[in-house]
Amino acid sequence: MVYIFDTSSFKVLGNYFPKSFPTVWQKIDLLVSKGKLKSVREVLKEVEYGNNKQIFLPPTAQETLFIAENFSIRNFKNLVSEKARLQGKPVADPFIIAATKIKDGALLDFV
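Conventions adopted
Residues numbered from 1 in each chain as written. Predicted model: local features only at pLDDT ≥ 70, side-chain atom pairs only at ≥ 80, totals over all residues. Heavy atoms only, no water. Helix = DSSP H or I, 4+ residues; strand = E, 2+ residues; numbered from the N terminus. Buried < 20%, exposed > 50% of the residue type's maximum accessible area, 1.4 Å probe, protein only. Contact = heavy atoms within 4.5 Å. Pairing = 2+ DSSP bridges. Salt bridge = Lys/Arg side-chain N within 4 Å of Asp/Glu carboxyl O. Lys, Arg positive; Asp, Glu negative; His and termini not counted.

### A word on the overall build of the protein chain
Okay, step 1: Helix and strand counts for the protein chain come out as 6 helices and 4 strands.
Okay, step 2: Secondary structure of the protein chain in N-to-C order comes out as β-α-α-β-α-β-α-α-α-β.
Okay, step 3: The 111 residues of the protein chain split such that 32% are buried.
Okay, step 4: Excluding contacts between residues fewer than 6 apart, the proportion of contacts in the protein chain whose partners are at least 24 apart in sequence is 64%.

What follows is the structure, given as structure tokens:
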């Protein structure tokens, strides 16, 4: 199983200092080293998280097609606010959903 982390997951992890919670970070590092913890490039842009950049993946062709198909449905367009679109802000949710849908055995983590 692969865990796909959203922005909020990384923000919550920031509250768990490695010296105070070594077991949590050992498990996170183990998941990363085994390729079991992933995210999407848009999350990296949202959090500017410095460690473990290898987990932040660019979208695959399949994921990009899935996103395009979803945005052809009116309700899915609301995932990205007009303000975010106009300001060119990164929005990870559509990419997180696509990565979770496409990657076999992925577990979406919205905290």
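Additional details are given in the paragraphs that follow.
### Some words on the pairing of strand E2 (residues 37-40)
Okay, step 1: Alternating residues of E2 divide into Leu37 and Ser39 and Lys38 and Val40, and every residue in both groups is buried.
Okay, step 2: With 2 bridges joining them, strand E1 (residues 2-5) and E2 adopt parallel strand pairing. Each residue of the ladder has a partner; that of Ile4, found in E2, is Lys38.
Okay, step 3: For E2 and strand E3 (residues 56-57), the ladder comprises 2 bridges, and the chain directions are parallel. Residue pairing for E3: Ser39 is matched across the bridge by Phe56.

### Examining the pattern of salt bridges
Okay, step 1: What the rule picks out here adds up to 1 salt bridge.
Okay, step 2: Residues Lys45 and Glu42 are paired through a salt bridge, measuring 3.2 Å at the closest nitrogen-oxygen approach. In this pair, Lys45 and Glu42 are both assigned in helix H3 (residues 41-47), 3 residues apart and thus about one turn of the helix distant.

### Some thoughts on the side chain of Lys38
Okay, step 1: By secondary structure assignment, the location of Lys38 is in strand E2.
Okay, step 2: As a buried residue without a salt bridge, Lys38 has its nearest oppositely charged side chain in Glu63, at a separation of 10 Å.
Okay, step 3: Sequence-distant contacts of Lys38, that is, excluding residues within four places in its chain, are made with Val2, Tyr3, Ile4, Phe5, Ile55 and Leu57.

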